[in-house]
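Listed here are the chains, written in short residue letters.
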Amino acid sequence: MMAFMNNRKGYLIIAIIIAVTVVVSFSSGEQQLYGNDKSDIKQVIKSVEGYENKTIHILEIKDIQDNRLVAFLSNGHPAYMQFWKNPDGNYKWQHVETSEDGPLAPFLVHLINHDVSGFIVVTNQENEAARMEIEVNGQTLRQPLNVHKYSVNWIKLPEANDGSYTLKYRYYDDKGNVLRDY
């Protein structure tokens with residue numbers, strides 16, 4: 001009877017040690033964050049170094065095949081984040097970028113596993129540009145913009161023969177005057 005009790009205590013102790021090890025390993029392991037919905041996307045942004053203490057305001061989420069593009073404001077500055085859908089169907093972040101150069105920022109986006117490139121133009125409430133012209137490899141694209149509003153504009157770029165782009169920007173106010181020329 002004594003041997004049985006000792007074996008039983010031994011098994012119980014081993015079971016407790018295994019249970020504690022499993023619980024500790026699962027709880028201490030880093031939880032992978034994905035951009036599967038708006039709440040998760042905010043968590044992903046705030047998990048990136050430099051964005052931890054920023055105020056994040058998501059303006060728009062756009063899915064293009066296996067790419068997820070998120071236009072947002074980081075402490076009021078135009079920004080975007082790009083995600084890629086992994087084989088499990090979760091969106092893993094690939095790139096994040098913020099512009100603190102003014103109230104308007106065009107971000108060149110290269111879609112993962114696609115030849116299509118485009119721009120995301122993000123503005124905050126201080127934007128005074130009513131129109132943008134982008135010269136792409138000699139072809140001019142015109143894009144109206146919202147003045148004094150948060151906004152997102154998606155611009156598909158024409159295909160480039162060699163995969164590279166030469167870009168020039170020009171911004172106009174609501175009277176047609178040039179504000180900035182890049």
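Preceding this paragraph is the structure being described.
To keep things clear, this report deals only with the structure shown in the data block. (Residues numbered from 1 in each chain as written. Predicted model: local features only at pLDDT ≥ 70, side-chain atom pairs only at ≥ 80, totals over all residues. Heavy atoms only, no water.)

1. Description of the sheet that holds strand β2 (residues 67-74)
At step 1: Pairing within the open sheet is antiparallel, and its 4 strands lie in the order β1-β2-β3-β4. At either end of the open sheet lies a strand with only one pairing partner, and these are β1 (56-64) and β4 (91-98). On average, adjacent strands in this sheet sit at an angle of 20° to one another, irrespective of strand direction.
At step 2: Note that strand β3 (residues 77-85) and β4 share 7 bridges and pair antiparallel. Each residue of the ladder has a partner; that of Ala79, found in β4, is Thr98.
At step 3: Taken strand by strand, helix α2 (residues 38-47) contacts β1, β2, β3 and β4, and its axis lies near 115° from that of β1. (Pairing = 2+ DSSP bridges. Helix = DSSP H or I, 4+ residues; strand = E, 2+ residues; numbered from the N terminus. Axes fitted to C-alpha atoms, helices over the stretch in contact; angles between N-to-C directions. Contact = heavy atoms within 4.5 Å.)

2. Digging into the side chain of Ser74
At step 1: Its location among the elements puts Ser74 in strand β2.
At step 2: Taking relative accessible area as the criterion, Ser74 reaches 2% and is therefore assigned buried.
At step 3: If we ignore the near neighbours within four places in the chain, the residues touching Ser74 are Tyr51, Lys54, Thr55, Ile56, Ala79 and Thr98. (Buried < 20%, exposed > 50% of the residue type's maximum accessible area, 1.4 Å probe, protein only.)

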